[in-house]
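Examining the three-dimensional arrangement
Residues per chain are reported as follows:
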Amino acid sequence: MIALTAISRIFTMGDQEVRALNNINLTIAPGAYVSVMGPSGSGKSTLLNLIGLLDQPTSGTYLLENIDVTLLSETDQARVRRERIGFIFQSFHLIPRLTAAENIELPLILDGIPSAERKKRVRAILQQTNLLERADHRPSELSGGQRQRVAIARATILNPAVLLADEPTGNLDHKTGAEVIALLENLHRQGTTIITVTHDREIGARAHRKIQMRDGEVVSDD
Amino acid sequence: MTRQDAFILSFRTVVSYRLRAILILLAMALGVAAVVVLTALGDGARRFVMNQFTALGTNLIIIIPGRSETAGGFIGALVGETPRDLTLEDAASLTALPGVRRFAPLNVGLSEISAGGLLREVTLAGSTASLLAIRRMRLAQGSFTADNGPNPAEAVLGAKIAHELFPTGNALGQRIRLGDRRFRVAGIFAMQGESMGINTDELVLIPFDHAQALFNTQSLFRIMVEAESRSAIESTKKVIRVALKLRHDGEEDVTIIGQDAILATFDKILRALTLAVSGIAAISLAVAGILVMNVMLVAVSQRTTEIGLLKAIGATHTDIRNLFLLETLWLAVAGAVVGIILGYLGSLGLRLAYPQLPAYPPIWASLAAIATALVTGIAASILPASKAARLNPVLALSRR
Ligand SMILES: Nc1ncnc2c1ncn2[C@@H]1O[C@H](COP(=O)(O)OP(=O)(O)OP(=O)(O)O)[C@@H](O)[C@H]1O
Ligand SMILES: [Mg+2]
C-alpha cells in the first residue's frame, strides 16, 4: 500500500546539494511492521517525512493506497495526513497549554467531529492507553512515558492505516521505552502498519522487516 | 475543523497567553477609547456652541451696514467698513414687512458710568424694549420700556454693575451718570453670564435715542430682527433686502445674516473639527495595529513547533491561518468592548468636570471605532497568520 519508486530528495543549501534520499524503491504492505535503522544523517527522518506527506520528493512517485499522493492538493494532503497517517516523534510534541485529553482530541477537532462523539472516543482511547487518571493533566505534569502514550493516543485516535514513529523511545529510559514499543506492537496486531525509525538495535530487531539505510540509500532490507 | 471549534480553540489560546492578551487588548482599548472620548469632546463642543447660539434668541436676523463680498458674510461683515449708514427710519420701515415679528435698533459703545463717586467703564447698548424679547434678556427688577422715542432717560444695569456701584443698597430708582448725561436706573438684568461674547451682567442698556446722542451719531450699529418662525427666516431676509435696497436708492449696501446661516456655518466647522480629531485618534488605533502585528509575529515564531505538529496531525493551511486570525479577532473584539466602556466612562468624566459641555459620544463614532478596531486587528494578523500557514512542517518540527 506504500509504493515508492525512484524517490530522491535533494536539499540545496546555498550552492551545495545534499542528497538526503537517493533513488529509493520501496514497497510496504498493509499491516507491515517495519524498522528503519542507519547512521545519523542517512536519511531516515527524511524518508519518514516523505511517507507522512510532511515533505515532497524532488523526483520519483509515491503511491499511498494506490493514489499518487504527491499530486494531491494541499487540503487533500492534509486530509490524508489526518485520516490515514499517524505521527509519533522523539520529543512528543504535545501542546503544553492543553491537557492530555485535549491533546488527544485535536485530530478529531481538525476532522470536524462533533463534540459529544469526540469526548466518547477520547475517553475510550484514554482507557486503552491506561491514561484515564491523567486525562486532565498538562504535559508538564506527565512523565516521559506518559507523554509518549498521549502522543500515540493522539496519533491513532482516527485509526490511521500507517503509524510513523521517528525514534519514539529516543527520550525514554529502557523500561518506559519497552512499554511504548509494546503499545505500538499492540496496534500492529490490530492491523496498523507500523514504521519505526530507531537507533536501538534491540527495538529494531523486533520488527518483522528491518531496513538499513546509509547515505540516502537502502543498503539492506529483510 | 468546524467554525465553532475554531472559535473555541483560538479563544483558549488567547486566554492561556495572558500577558500577551492584556497587552494587545489594552492597545486596542486605548485606541478605541481615544476615538470615543475625542469625538465626544468635539461633538460636545459643537453642541455647546449651538446651545449658545440658540440662547441668543431664536429666528434672529441681523442687519449690518456695509456689503460684505465674502461668501460666508459673517466674519467680514463684523469688521467691515460702513459705506452707508443704517438709520432708525430703515429700522422702522421693517415693521410692516411680512415675516417680521419685531425689530430692535442697536448701538453699542464704551462709556464711563458713575454713581455716588464710583466710576468705571462699561459696554453701553442703546436699543428699544424689543431687544429684550429678541435676545431673551431677562430683568430681575424694574422694567425697560423704550420705544422708537423720544424716551425718558432710563437705564438698565447689569447685575454686576449694579452691585459694584451700589454695594449696600438697591440700585433701582437711583441716579447714575453715563458720560455727561444723567439717567435713572429703571431695571436690573437678571444674572445670565456670558453668551456669545455679550455678558449682560456687565452691560448697561439705555434707550437708543439717548445712546445716539451720547455717541454723537445718527446711524445704527445694527438692526436686530426676529422672524415669525424659523422657516420664515430665509423669505424674511429676502423681503428685508429688497425693502432696504429700495430705501437706499437701489443700492445693496447692507449685510443680512440669518441666525440659521451662522448656525450652519459653525455646525459645519465644528463637525469637521470633530472628524479631524477622531481621525487623529484613529491613528492610535493604527499604531495599536502595528503592535498587534508585532506581537502576533512573535507568537508565530514562538509556536513554530506547535504549528508543525498541527500540520503533521492534519491541519490545513486554512485551519492554521484561521486559528491565528481568530486569536486577534477575539482580542480586537475584547479591546473594542473595553475601549467603548473606557470611552463612555471618560466622556462621563468630561461631563462631570465640565457640566456645560454636553460631551456625549456620537453613536457613529462608537461604531466607527469598533469597526476600525476589528479591521485593524484582522489586517494586522493577516501577515503573521499566513506566515504560520506557510510554515514548513519538517523544519518546524525539527526545532527542539
Ligand atoms: N531541511 C534540510 N535542509 C538541508 N539539509 C537537510 C534538511 N533536512 C535534512 N537534511 C540533510 O539530509 C540528510 C538526511 O537527514 P535526516 O534527518 O533524514 O537523517 P537521519 O537519518 O534522520 O539522521 P538522525 O539519525 O540524526 O536523525 C542529512 O545530511 C541532513 O543534513
Ligand atoms: Mg532523524
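Residues numbered from 1 in each chain as written. Chains lettered and ligands numbered in written order. Predicted model: local features only at pLDDT ≥ 70, side-chain atom pairs only at ≥ 80, totals over all residues. Heavy atoms only, no water.

Things to note about the interface of chain A and chain B
Put simply, the rule is: Residues count as neighbours in contact if any of their non-hydrogen atoms are within 4.5 Å of one another. Buried area adds together the accessible area that both of two parts lose upon being put together, with accessible area traced by a 1.4 Å probe. Within this document, salt bridges are pairs made up of a side-chain nitrogen of Lys or Arg and a carboxyl oxygen of Asp or Glu, the two lying within 4 Å of each other. Helix and strand assignments follow DSSP, with helices taken as H or I runs no shorter than four residues and strands as E runs no shorter than two, numbered in order from the N terminus. Ten residue types, Ala, Val, Leu, Ile, Met, Phe, Trp, Tyr, Cys and Pro, are classed as nonpolar, four, Asp, Glu, Lys and Arg, as charged, and the remainder, Gly among them, as polar.
Listed as interface residues are 25 residues of chain A and, on the opposing side, 26 residues of chain B. Taking both sides of the interface into account, the surface hidden between chain A and chain B amounts to around 2,300 Å²; carbon and sulfur atoms contribute 61%. Put simply, chain A and chain B have three salt bridges between them. Residue Arg118 of chain A is joined to Asp5 of chain B by a salt bridge in which the shortest nitrogen-to-oxygen separation is 2.7 Å. The set of elements that each furnish at least two residues to the side of chain A that touches chain B consists of α2 (74–84), β6 (85–89) and α3 (100–110) of chain A. For the side of chain A that touches chain B, the class distribution of residues is eleven nonpolar, six polar and eight charged.

Side note on the nonpolar core
Selection rule: Here the nonpolar core consists of buried residues drawn from Ala, Val, Leu, Ile, Met, Phe, Trp, Tyr and Cys, with membership extended through side-chain atoms lying within 4.5 Å. Categorising residues by exposure relies on relative accessible area from a 1.4 Å probe, with only protein chains included: less than 20% of the type maximum marks a residue as buried, more than 50% marks it as exposed, and the intermediate range marks it as partly exposed.
Within the largest apolar cluster, 75 residues are counted, with the highest numbers of intra-cluster contacts made by Ile2, Leu4, Tyr62 and Ile195 of chain A. Residue contributions to this core peak at nine residues, all from helix α11 (residues 317–353) of chain B. The contacts of Ile195 of chain A, once residues within four sequence positions are left out, are Ile2, Ile28, Val34, Val36, Leu48, Ile51, Val162, Leu163, Leu164 and Ala165 of chain A. By size, the runner-up hydrophobic cluster in this structure holds 33 residues, among which are Leu172, Ile181, Leu183 and Ala207 of chain A.

What about the site of ligand 1?
Condition: If even one non-hydrogen atom of a residue comes within 4 Å of a molecule or strand, that residue is called near it. Two N or O atoms form a polar contact when they lie within 3.5 Å of each other; inside protein one atom must be a possible hydrogen donor and the other a possible acceptor, and for residues adjacent in sequence the pair counts only when both atoms belong to side chains.
For ligand 1, the set of nearby residues contains 15 residues, the closest of which are Ser40, Gly41, Lys44, Ser45 and Thr46 of chain A. More than one chain reaches ligand 1: its neighbouring residues belong to chains A and B. Between Ser40 of chain A and ligand 1, the recorded distance is 2.5 Å, taken from a side-chain N or O atom to an oxygen atom. At 2.8 Å, a backbone N or O of Gly41 of chain A approaches an oxygen atom of ligand 1. When residues of the shell around ligand 1 are traced back to their parent elements, those giving at least two are β1 (2–13), β2 (16–28) and α1 (44–51) of chain A.

Description of the packing of aromatic side chains
Under the convention used in this document: Each Phe, Tyr or Trp ring, with Trp reduced to its six-membered ring, pairs with another whose centre is within 6.5 Å; inter-plane angles below 30 degrees give stacked pairs, above 60 give edge-to-face pairs, and intermediate values give tilted ones. Here, a charge over a ring means that NZ of Lys or CZ of Arg falls within 6 Å of the ring centre while also lying within 35 degrees of the ring normal.
Evaluation of the coordinates by the stated rule reveals three aromatic pairs over all chains. On the basis of an interplanar angle of 5° and a centroid distance of 5.3 Å, the ring pair of Phe87 of chain A and Phe89 of chain A is categorised as stacked. Overall, Phe89 of chain A belongs to the buried group, its relative accessible area being 9%. Each member of the aromatic cluster is reached from another via a ring pair, and the members are Phe7, Phe11 and Trp330 of chain B. Directly above the ring of Phe221 of chain B sits Arg222 of chain B, whose terminal nitrogen or CZ lies 4.0 Å from the centroid.

With respect to a nonpolar patch on the surface
Residue and element names in this part refer to chain B. As a reminder, the rule being used: Note on patches: the residues involved have over 30% relative accessible area and no salt bridge, like charges join within 9 Å, and the nonpolar side chains Val, Leu, Ile, Met, Phe, Trp and Tyr join within 5 Å. Note on areas: Shrake-Rupley with a 1.4 Å probe; residue coverage comes only from the protein chains shown.
There is a patch of nonpolar side chains on the surface, built from Leu26, Leu30, Val333, Val337, Ile341, Leu342, Leu345, Leu348 and Leu352 and spanning about 820 Å² of accessible area. When residues of the nonpolar patch are traced back to their parent elements, those giving at least two are α2 (18–55) and α11. Of the residues forming the nonpolar patch, the biggest block, seven residues, is contributed by α11. One can find Val333 in helix α11.

Quick word on the sheet that holds β1 of chain A
Residues and elements named next belong to chain A. Heads up, the rule is: Any two strands are treated as partners once DSSP identifies two or more bridges connecting them.
The strand order across the open sheet built from four strands is β2-β1-β4-β5, with neighbouring strands paired in antiparallel fashion. Where the open sheet ends on each side, the last strands, each with one partner, are β2 and β5 (67–68). In this sheet, β2 lies alongside β1 in antiparallel orientation, the contact comprising nine bridges. Note on β2: the bridge partner recorded for Ile2 is Ile28.

Just geometry here; none of it tells us what the structure is for.
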